[in-house]
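For reference, the chains in residue letters:
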Amino acid sequence: MTEHKDLASIGVVGLAVMGSNLARNFARNGQTVAVYNRSPEKTRALVEEFCSEGNFIPSESVEDFVASLERPRKAIIMVQAGTATDAVIDQLCDAMDDGDIIIDGGNALYTDTIRREREVAARGKHFVGAGISGGEEGALNGPSIMPGGPAESWETLGPILESVAAVVDGTPCVTHIGPNGAGHFVKMVHNGIEYADMQVIGEAYQLLRYGAGMTPKEISEVFTEWNSGDLDSYLIDITAEVLALEDAESGKPLIDLIVDEAGQKGTGRWTAIEGLQLGVPITAIAESVFARVLSSATAQRQAAQEEQLPSGEVAAGISQLGIDKKAFVEDVRRALYAAKLIAYSQGFDEIKAGSDEHNWDVDPRDLATIWRGGCIIRAKFLNRIRDAYDTNPALPALILDPYFKNELAELIDPWRRVIVSATQLGLPVPVFASALAYYDGLRAERLPAALIQGQRDYFGAHTFKRVDKPGTFHVEWSGARTISSL
Ligand code: NBP
């Protein structure tokens, strides 16, 4: 085993794009970084190319890597979620000593993180599942980091993670989220919100392009303008850039040359599944996952076009509906903002439900704080969310905060108008529309659930409760239809 004179304060295992950028970020911020990758070529390439950025200690075996770390050892795993992560944890556990800390920075399923923490603790080590957001750029220049795991690990890890996280108004975008799987759970919902945020932007684009007949370049300018207001965010900013780009070869807008099929990897899908399991109506997030699934149903989409599924009477554009373009653009902006608000409100509901279920005590204010920088959903709007939970930490729903309620009063009519127009134009706006259905559902004094209870009692004697008296009731549907109290 190699003897190391100087030891590393942190190590990174897995040197693909995320791991190597994170290792460089640590090195640039004055940490001596131990680096290891399964195939040594990546380790060599990283150190060769970036040794001028700081101190790296490369290793070509896990044992050497572990020996190059100061105690308690801290190693961040940046490999694929699933079996690769389990394999690396096993190797590290064998080589490490009691009290050392293994951090999984990949996109693990939080239930795997809970299991891993238990298994690693049984082997005498600490395990921290940390969500890391911001993609490769964030990993290099400052991500938003969501670590779970034991509070005592955070005391050791906190200062190191703070040294590489994004910083907003002097506050690093990292904090201890809660025990065991809390960090990865929160990262999962963050990604679910990201799906919805991207989809509502997509729906706005679709309406402006195929409803208002605007060119990608014109829409890019609209997004640039929107980026200076309530919608100011990383995703709106990059949308303007994507729409502005022309393919040098053909001179066509790049957007028209990209195949319109979006995949949905682990985290977005998990957020929807978890919402169902926890019984939280995260409709905007789930619809955004389904929108991607539909986009990828290539064979069905092709058949539907070939068969010319009837559209009914649809307008070719907003002028046919007598709608002014400038007014429409502003309505779409407001509809986007409203649907986005619902997606965030639902995401925070899911986090609260997960936190209650697992006794994590996640503070929503912390999340709004650390998502303001580094991560994909970073936005000015998160300051408002932070203020909302500051004012009332027990807010029953984000949209019930007085500021957001006032905003919704301004957004609701344009939001309804846009959905009506989208229907008349035959353009799909699944998240705009489902978010409004959720909103109206929440507001409704009476929901048809009463009828559903009646149906359930009819065919399955499921019983029902009444609004006018306490108790449980059943109707003898097949006989005299008398209502009896049970
Ligand atoms: P990948 O997940 O694509 O790369 C895996 C790396 O792990 C390779 O360098 C591979 O080595 C190494 N590895 C080791 Br060490 N042991 C392995 C094993 N037993 N099996 C398989 N691979 C092993 O890297 P990534 O895109 O940098 O992502 C890393 C993690 O960060 C993932 O969990 C991802 O979900 C998460 N994440 C990614 C992003 C993003 O924007 N890409 C954003 C946020 C989070 P090799 O060279 O020998 O194959």
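Remember, predicted model here, so these are calculated numbers, not experimental data.

### Some words on the overall build of the protein chain
1) Next: When its secondary structure is counted, the protein chain shows 19 helices and 11 strands.
2) Next: For the protein chain, the C-alpha radius of gyration of 26 Å lies close to 23 Å, the compact-globule estimate for 486 residues.
3) Next: Projecting the C-alpha coordinates of the protein chain onto the three principal axes gives extents of approximately 85 × 70 × 45 Å.
4) Next: A total of 486 residues make up the protein chain; the buried ones form 50% of that total.
5) Next: Total accessible area on the protein chain stands at roughly 22900 Å², and carbon and sulfur atoms take up 51% of it.

### With respect to the site of the ligand
1) Next: Neighbouring the ligand are 21 residues, the closest being Met-18, Asn-37, Ser-39, Lys-42 and Val-79.
2) Next: Within the backbone of Asn-107, a nitrogen or oxygen atom sits 3.1 Å from an oxygen atom of the ligand.
3) Next: Taking 930 Å² as the accessible area of the ligand by itself, protein coverage stands at 77%.
4) Next: Among the secondary structure elements, those contributing two or more residues to the shell around the ligand are helix 1 (17–28) and helix 4 (83–95).
5) Next: When residues of the shell around the ligand are assigned to their parent elements, the largest contribution, 3 residues, is made by helix 1.
6) Next: Its residues assigned to classes, the shell around the ligand comprises 11 nonpolar, 8 polar and 2 charged.

### Examining the UniProt feature "active site" (unreviewed entry) in the protein chain
1) Next: The feature "active site" (unreviewed entry), as given by UniProt, occupies Lys-187 and Glu-194 in the numbering adopted here.
2) Next: Residue placement: Lys-187 occurs in helix 8 (residues 182–211).
3) Next: In this structure, Lys-187 is in contact with Asn-107, Gly-131, Ile-132, Ser-133 and Met-146, ignoring residues within four places of it in sequence.
4) Next: A polar side-chain atom of Lys-187 sits 3.4 Å from the main-chain carbonyl oxygen of Ile-132.
5) Next: Contact partners of Glu-194, with chain neighbours within four places excluded, come to Leu-235, Ile-376 and Ile-377.

### Some words on the sheet that holds strand 3 (residues 56–59)
1) Next: The strand order 3-2-1-4-5-6-7 describes an open sheet built from 7 strands, whose pairing is mixed. Two strands in the sheet have a free side with no partner beyond their single neighbour: strand 3 and strand 7 (144–147). The sheet shows a mean angle of 25° between the axes of neighbouring strands, taken without regard to direction.
2) Next: Set on the sheet, helix 5 (residues 110–122) makes contact with strand 5 (101–104) and strand 6 (126–133); between it and strand 6 the angle comes to about 150°.

Criteria and thresholds
- Residues numbered from 1 in each chain as written.
- Predicted model: local features only at pLDDT ≥ 70, side-chain atom pairs only at ≥ 80, totals over all residues.
- Heavy atoms only, no water.
- Helix = DSSP H or I, 4+ residues; strand = E, 2+ residues; numbered from the N terminus.
- Rg over C-alpha atoms; globule rule 2.2 N^0.38 Å.
- Buried < 20%, exposed > 50% of the residue type's maximum accessible area, 1.4 Å probe, protein only.
- Areas by Shrake-Rupley, 256 points an atom, 1.4 Å probe, with all protein chains shown as cover.
- Near = heavy atom within 4 Å.
- Polar contact = N/O pair within 3.5 Å; in protein donor to acceptor, adjacent residues only side chain to side chain.
- Nonpolar A, V, L, I, M, F, W, Y, C, P; charged D, E, K, R; others polar.
- UniProt positions renumbered as here; feature names shortened; annotations may be inferred.
- Contact = heavy atoms within 4.5 Å.
- Pairing = 2+ DSSP bridges.
- Axes fitted to C-alpha atoms, helices over the stretch in contact; angles between N-to-C directions.

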